[in-house]
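Spelled out, the chains give:
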Amino acid sequence: MKTITLIQGDGIGPEITEAAVKVIDAAGVKIDWDLQTAGEDVIEKEGSPLPECVLESVRKNGAALKSPVTTPIGRGFRSVNVTLRKELDLYANLRPCCNLPSVKTRYENVDIVVVRENTEDLYAGIEEKIDENTAHSIKIITRGASERIAKFAFEYAVKNNRKQVSAVTKANICKLSDGLFLEAARHIAEQYPQIQYREILVDNCCMQLVQNPCQFDVLLLPNLYGDIVSDLTAGLIGGLGVAQGANIGEHCAVFEPVHGSAPDIAGQNKANPTAIILSAVEMLNYIGEEKNGKRIKSALFETFRQGVCTPDLGGTASCCGFTDAIIKNLQE
Ligand code: ATP
């Protein structure tokens, strides 16, 4: 039996985590969950929203399923998500966005993979207040991290039969930093002549994504643009409730939905667990349980085809009701 870290989070975290665990269990996958808690609830006891034991658990187990964690604002703590990614060197943030059966969206055949650099850029957290009216925030881009993520994107493209990688920057304005990111992407692109390489400015990319998303295949972005653009691509396929994600490093990986803790709908049994279930499917693939991952995905898709969905997608199913429908389809 595999041991996997389960980071429960807050807001809608517990509801969607329970849904994912129930579905995995119903598929017959035997997992020994190493339950860890992060966020506001553990500060009192541990002195930090991300205790060392959580990091240790992921290092030891090699994989984690995580639901969203809110970082308390104004208490001097760094973002739990950013710290987790940085401490474990989960340098690649992978966010596939593909249309789901029977989920009505503006476009059909959207199949985009966002590859976001996960460790630097404005997320380095280097900010200073110069005076009462001026603040500086430093954007760090290094050749090493840029080449590493570019290589990840091209390798992903080759392994997954993708045709094109587009590097997305604002290199006309951030000439040195985004310029360096582009230089690194170009250098790596030369090593993959079989993959079409394209460059596009992030503002134009957003407009093109809204008007004609099917022209894109793999998007390669620095951290901040990757965060923003992946919410946009989530919107193309039904919203944050269905957008899966993974943070991948050399030695371990943390699978989590793109969305945050959605405090506006927490505790109301109406969160959509699709994003975390799809993230869990990727986790199963990662640990060699591809067959069961495929079964869960089929049962989820069948549930959509039956017209069952949560309110964010225009349906009436509760989080629990939707989960039960998936489990029923798994057993048929
Ligand atoms: P963060 O900054 O932590 O990523 P955010 O500000 O982007 O969070 P979210 O918590 O992701 O915000 O929520 C944005 C909107 O999407 C909210 O209206 C929320 O209710 C909705 N939403 C997010 N996740 C889901 C979900 N799983 N099911 C239904 N609605 C969701």
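Further up the page is the structure itself.
Owing to the predicted nature of the structure, the values given are computational and were not obtained by experimental measurement.

Undergrad: It is not clear to me how the site of the ligand should be interpreted in this structure. Could you clarify?
TA: The ligand sits among Ile 12, Leu 240, Gly 241, His 259, Gly 260, Ser 261, Ala 262, Asp 264, Ile 265, Ala 271, Asn 272 and Asp 312. Residue Gly 260 places a main-chain N or O atom 2.6 Å away from an oxygen atom belonging to the ligand. Within the contact set of the ligand, a nitrogen atom lies 2.9 Å away from a backbone nitrogen or oxygen of Asn 272. For the ligand, the accessible surface in isolation is 620 Å², of which the surrounding protein chains cover 59%. Among the residues making up the shell around the ligand, the classes are represented as 5 nonpolar, 5 polar and 2 charged.

Undergrad: Can you help me understand the pattern of salt bridges in this one?
TA: It is possible for side chains of opposite charge to pair when their charged atoms get near one another. Summed over the entire model, instances satisfying the criterion amount to 19 salt bridges. For Arg 59, the salt bridge identified is with Glu 52, shortest N-O distance 3.1 Å. Judged by relative accessible area, which is 35%, Arg 59 ranks as partly exposed. With relative accessibility at 47%, the residue Glu 52 sits in the partly exposed group. A salt bridge links Arg 85 to Glu 256, with the nearest nitrogen and oxygen atoms 2.8 Å apart. Of this pair, Arg 85 sits in helix 4 (residues 80-87) while Glu 256 sits in the loop between strand 12 (253-255) and helix 9 (274-286), and the two are 171 residues apart along the sequence. Each of Glu 52, Glu 56 and Arg 59 takes part in salt bridges that share partners, so that together they form one network.

Undergrad: I keep staring at the environment of Lys 328 and nothing clicks. Help me out?
TA: Note on placement: Lys 328 falls in helix 11 (residues 319-331). Spatially, the C-alpha atom of Lys 328 lies 26 Å from that of Thr 105, the residues being 223 residues apart in sequence.

Undergrad: How should I be thinking about helix 8 (residues 223-236) in this particular structure?
TA: Because each turn of an α-helix spans 3.6 residues, side chains separated by three or four positions in sequence point in the same direction. Over its 14 residues, helix 8 extends 20 Å from the first C-alpha to the last, a length consistent with the 20 Å expected when each residue adds 1.5 Å. Among the residues making up helix 8, those that are buried are Asn 223, Tyr 225, Gly 226, Val 229, Ser 230, Thr 233, Ala 234 and Leu 236. Buried residues along helix 8 cover an arc of 165° about the axis, so they all sit on one side. Summarising the contacts, the buried residues of helix 8 are in contact with strand 4 (92-98), strand 5 (111-117), strand 8 (164-169), helix 6 (177-189), helix 7 (202-211) and strand 10 (218-221). Gly 238 sits one or two residues past helix 8 and shows a positive phi near 125°.

Thresholds, definitions, all that
Residues numbered from 1 in each chain as written. Predicted model: local features only at pLDDT ≥ 70, side-chain atom pairs only at ≥ 80, totals over all residues. Heavy atoms only, no water. Near = heavy atom within 4 Å. Polar contact = N/O pair within 3.5 Å; in protein donor to acceptor, adjacent residues only side chain to side chain. Areas by Shrake-Rupley, 256 points an atom, 1.4 Å probe, with all protein chains shown as cover. Nonpolar A, V, L, I, M, F, W, Y, C, P; charged D, E, K, R; others polar. Salt bridge = Lys/Arg side-chain N within 4 Å of Asp/Glu carboxyl O. Buried < 20%, exposed > 50% of the residue type's maximum accessible area, 1.4 Å probe, protein only. Helix = DSSP H or I, 4+ residues; strand = E, 2+ residues; numbered from the N terminus. Expected span 1.5 Å × (residues − 1). Arc of directions from axis to C-beta. Contact = heavy atoms within 4.5 Å.

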